[in-house]
Amino acid sequence: MDGQMKGRAVLIGAADDGTRLEYLKRQLRPGDFLICADGGRKLAERSGLHPDWYVGDNDSGGWPDQLPSTLLPPEKDVTDLEMAVQQALALGYRELLLAGCTGGRADHHLANLGLLEELHRMGAHGVVLDACNEIQFLPPGRYDVPEHPDYHYFSLIPLDAEVTGVTIHGAKYCLEDAVLHRGSTLSVSNEICEGGCAQISIASGCVYLIRSAPARIRER
């Protein structure tokens, strides 16, 4: 299948938080193309989802011979999930949703967040999704963040030593031409004004925009 730069690829990793991907199923769209990274295939099928493509080295026992597959050697310089990202781009997709890739091993968790920046460099856009969070990479620019029923809070997490010219309007805690320092919690746990839309602008530096829900009972 060729994505022809239309539609969205949904990538599923092997990190299982016990929700059976209920949070993902609520956000699936007709026509989404599901790519599973190694053990993500088992997670998807346990959750009642039907993968369209498999990428991996089979060290988690994920390879199904009946699926279109990109088989990888066990010893390689990148993760299965990064190769799944590359496969999605090769198929023509420029909008990617990544699930089953947070929690568990901290090294994989942080590396998977880093893929959002890599996607931006390659002219694509990615979102990492889990049961309580939606995470995006934001370079300098202006952004609207509409109120969303699944998320009560939003935070900006600086990735550069300094992020300058940060302005936030339409939120409980506004900023005007502020400087955010990496490691500071100044821009953590904000709230969009009820029924509204927050406006964010960044002059220099990059951040993660994290929209979060209060702790919820996991759906099984």
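Details of the structure are given in the entry above.
Just so it is clear, the model here is predicted, and its values are computed rather than measured. (Residues numbered from 1 in each chain as written. Predicted model: local features only at pLDDT ≥ 70, side-chain atom pairs only at ≥ 80, totals over all residues. Heavy atoms only, no water.)

Would you mind showing me how to read the overall build of the protein chain here?
Along the backbone of the protein chain there are 4 helices and 13 strands. For the protein chain, whose C-alpha radius of gyration is 18 Å, the value lies close to the compact-globule estimate of 17 Å for 220 residues. For the protein chain, the spread of C-alpha atoms along the principal axes amounts to about 55 × 35 × 35 Å. Per-residue burial over the protein chain gives 47% buried out of 220 residues. Looking at charge distribution, the protein chain has the averaged site of its 20 positive side-chain charges lying 4 Å from that of its 31 negative ones. (Helix = DSSP H or I, 4+ residues; strand = E, 2+ residues; numbered from the N terminus. Rg over C-alpha atoms; globule rule 2.2 N^0.38 Å. Buried < 20%, exposed > 50% of the residue type's maximum accessible area, 1.4 Å probe, protein only. Lys, Arg positive; Asp, Glu negative; His and termini not counted. Charge placed at Lys NZ, Arg CZ, Asp CG, Glu CD.)

Explanation requested: the sheet that holds strand β12 (residues 197-202) in the structure shown.
Read from one edge to the other, the open sheet built from 4 strands follows the order β8-β12-β10-β11, with strand pairing classed as antiparallel. Unpaired on one side and paired on the other, β8 (141-146) and β11 (175-181) mark the two borders of the sheet. Taking the axes of each pair of neighbouring strands and ignoring which way they run, one obtains an average angle of 25° across the sheet. Strand direction decides the pairing type here: β8 and β12, joined by 6 bridges, are antiparallel. The residue bridging D144 from the neighbouring strand is Q199, located in β12. (Pairing = 2+ DSSP bridges. Axes fitted to C-alpha atoms, helices over the stretch in contact; angles between N-to-C directions.)

Honestly, the pairing of strand β3 (residues 53-56) in this entry has me stumped. Any pointers?
Regular strands place their side chains on alternate faces of the sheet. The two faces of β3 match: W53 and V55 on one face and Y54 and G56 on the other face are all buried. Sheet analysis places strand β2 (residues 33-37) next to β3, joined by 3 bridges and oriented parallel. When the sheet's bridge partners are listed, A37 is paired in β3 with V55. Relative to strand β4 (residues 69-71), β3 is paired through 3 bridges, and the arrangement is parallel. Bridged to G56 within β4 is L71.

Please explain the sheet that holds strand β1 (residues 9-12) as it appears in this structure.
Strands belonging to one sheet form pairs held by backbone hydrogen bonds; the direction of such a pair is parallel or antiparallel. Taken in spatial order, the 9 strands make up an open sheet running β4-β3-β2-β1-β5-β6-β7-β13-β9, and their pairing is mixed. Each edge of the open sheet carries a strand with a single partner, namely β4 and β9 (153-158). Strand-to-strand twist across the sheet, computed as the mean angle between neighbouring axes with direction ignored, equals 20°. Both β1 and β2 contribute to a ladder of 4 bridges, which runs parallel. By the bridge assignment for β2, I12 is matched with C36. Relative to β3, helix α3 (residues 80-90) is tilted by about 140°, and along the sheet it contacts β1, β2, β3, β4 and β5 (95-99). (Contact = heavy atoms within 4.5 Å.)

Please clarify how the packing of α3 against helix α4 (residues 106-121) should be interpreted in this entry.
In a packed pair of helices, the relevant descriptors are the angle between the two axes and the axis-to-axis distance. Two elements in contact, α3 and α4, have axes whose closest approach is 10 Å; the angle formed by their N-to-C orientations is 25°. Comparing the axis directions of α3 and α4 gives the class roughly parallel. The two elements α3 and α4 meet at a crossing, and its hand is right-handed. In this structure, α3 uses L81, E82, V85 and L89 to contact α4, whose residues at the interface are N112, L115 and L119. (Parallel < 35°, antiparallel > 145°, perpendicular 65-115°, else oblique. Left-handed = near helix turned anticlockwise from the far one by under 90°.)

Just checking my understanding: could you explain the pattern of salt bridges for this structure?
A side chain with one charge may pair with a side chain of the opposite charge, provided their charged atoms come close. The full count for this structure, using the stated rule, is 10 salt bridges. For D16, the salt bridge is made with R46, and the minimal N-O distance between the two is 3.0 Å. Residue D16 is found in the loop between β1 and α1 (22-25), and its partner R46 is found in helix α2 (residues 40-46); the two are separated by 30 residues along the sequence. Taking relative accessible area as the criterion, R46 reaches 44% and is therefore assigned partly exposed. Beyond isolated ion pairs, a larger network of salt bridges with shared partners links E117, E118 and R121. (Salt bridge = Lys/Arg side-chain N within 4 Å of Asp/Glu carboxyl O.)

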